[in-house]
Amino acid sequence: MFATAKPIAFAKGKTLMLEYGAGTMNEVQLFYAPRYWASVGGGWLELSSEDGQKQRRITYLRGNLLAKRWNLPGAQANVFVWGGLGHATGNDFAGRTLARNVGFQVDYETRRVYSALRSDLQESDRFSHRIDTLQLGLAPYEHDYDTLARAR
């Protein structure tokens, strides 16, 4: 995986995310957040079965929403939801088909720990593909938000 991030960074922020999934998945997303709680943008997703027999390409426009945020002493938790439309092509069906994208992410972070649960569904009348991800990140040292984690 090249980079992961929250679907909304900050107001007036732009986010570019690239993901590489060892030959079975590649994704590029670009989002703009007019407000801290919403972003809009698009993406391109390429999916391949492990044996290489099935391939799909999905291009979509999507909106992301910060549904809930908890600012806790020394921590923050978020719930994000998203949805969008696009089109898909594949080698197991003819032509292009309307594709739908929905998903959510729940995350919790402190200055040393980051955890997230994410589910992303791409579907059409011809296929359904869901990607579920559990992330856990640990910093070796507690740090401020604008610095790298390092020994003091």
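The structure displayed is predicted, hence computed values, not measured ones. The residue count restarts for each chain, going from 1 along the sequence in the order it is written. With pLDDT at 70 or above as the cut-off, local features in this predicted model cover only qualifying residues; side-chain atom pairs require 80 or more to be listed or tallied, and sums for whole chains, interfaces and linings still use all residues. Excluded from the side-chain calculations are hydrogens and water; all other atoms, namely the structure's heavy atoms, are used.

(A) The pairing of strand β8 (residues 128-138), seen in detail. Pairs of strands are assigned from DSSP output, requiring at least two bridges between the strands. Strands here mean DSSP runs of E at least two residues long; helices mean DSSP runs of H or I at least four residues long; both are numbered from the N terminus. Where strand β7 (residues 113-123) meets β8, 11 bridges bridge the pair, whose relative direction is antiparallel. Looking at β8, one finds that Ser115 is bridged to Leu136.

(B) Focus on the side chain of Thr97. Counting through the fold element by element, Thr97 comes out in strand β6 (residues 96-109). Look past the residues within four positions of Thr97 in its chain and what remains in contact with it is Gly86, His87, Ala88, Ser124, Asp125, Arg126 and Phe127. Any two residues whose heavy atoms approach within 4.5 Å are treated as being in contact.

(C) Geometry of the sheet that holds strand β1 (residues 13-20). If you trace the 8 strands from one edge of the open sheet to the other, you get β1-β2-β3-β4-β5-β6-β7-β8, paired in antiparallel fashion. The two strands at the open ends of the sheet, each matched to only one other strand, are β1 and β8. Taking the axes of each pair of neighbouring strands and ignoring which way they run, one obtains an average angle of 15° across the sheet. Two elements, strand β4 (residues 55-72) and strand β5 (residues 75-90), share 16 bridges in a ladder whose sense is antiparallel. Within β5, the position partnered with Gly63 by the bridge is Gly83. To obtain each axis, a line is fitted to C-alpha atoms, and for helices this fit is confined to the stretch in contact; angles are then taken between N-to-C directions over 0 to 180 degrees.

(D) Region of interest: the nonpolar core. Among the buried residues, those of types Ala, Val, Leu, Ile, Met, Phe, Trp, Tyr and Cys that are joined through side-chain atoms within 4.5 Å form a nonpolar core. Each residue is placed in one exposure class: buried if its accessible area under a 1.4 Å probe, protein chains only, is under 20% of its type's maximum, exposed if it is over 50%, and partly exposed if it falls in between. By size, the foremost hydrophobic cluster in this structure holds 10 residues: Met25, Leu45, Leu47, Ile58, Tyr60, Ala88, Phe93, Ala99, Phe127 and Ile131. Looking at this core, the elements with two or more residues in it are β3 (38-48) and β4. Apart from residues lying up to four places away in sequence, Ala88 is in contact with Arg57, Ile58, Phe93, Gly95, Arg96, Thr97, Ala99 and Phe127. Grouped together as the second largest cluster of nonpolar side chains are 5 residues, Ile8, Ala33, Leu66 and Phe80 included.

(E) Representation of a nonpolar patch on the surface within the structure. Exposure above 30% relative accessible area and no salt bridge define the residues that can form patches, which grow by joining like charges within 9 Å and nonpolar side chains of Val, Leu, Ile, Met, Phe, Trp and Tyr within 5 Å. Using a 1.4 Å probe, the Shrake-Rupley method yields the accessible areas, and only the shown protein chains count as cover for residues. Salt bridges are defined by distance alone: a side-chain nitrogen of Lys or Arg within 4 Å of a carboxyl oxygen of Asp or Glu. Where nonpolar side chains cluster on the molecular surface, the patch consists of Tyr36, Trp37, Leu65, Val81, Phe104, Val106, Leu117 and Leu134 and spans about 740 Å² of accessible area. Mapped onto the fold, Leu134 is located in strand β8.

(F) Geometry of the pattern of salt bridges. Counting across every chain of the model gives 5 salt bridges. A salt bridge links Glu46 to Arg57; its shortest N-O distance comes to 3.0 Å. Highlighted residues: Glu46 in strand β3 and Arg57 in strand β4, separated in sequence by 11 residues. Using a relative accessible area of 18% as the deciding quantity, one classes Glu46 as buried. Taking relative accessible area as the criterion, Arg57 reaches 38% and is therefore assigned partly exposed.

(G) Just the environment of Asp107, in detail. By secondary structure assignment, the location of Asp107 is in strand β6. Given a relative accessible area of 2%, Asp107 falls into the buried group. Each C-alpha atom, one on Asp107 and one on Phe80, is 8.6 Å from the other, the two residues being 27 residues apart in sequence. Think of a polar contact as two N or O atoms within 3.5 Å of one another; within protein, one of them needs to be a possible hydrogen donor and the other a possible acceptor, and neighboring residues in sequence only count if both atoms come from side chains. At 2.8 Å, the side chain of Asp107 forms a polar contact with the side chain of Asn78. Among the polar contacts made by the side chain of Asp107, one reaches the side chain of Gln105 at a distance of 3.1 Å.

(H) View of the side chain of Asn78. Within the element layout of this structure, Asn78 appears in strand β5. Residue class for Asn78 comes out buried when judged on its relative accessible area of 0%. There is a polar contact of 2.6 Å between the side chain of Asn78 and the side chain of Arg69.

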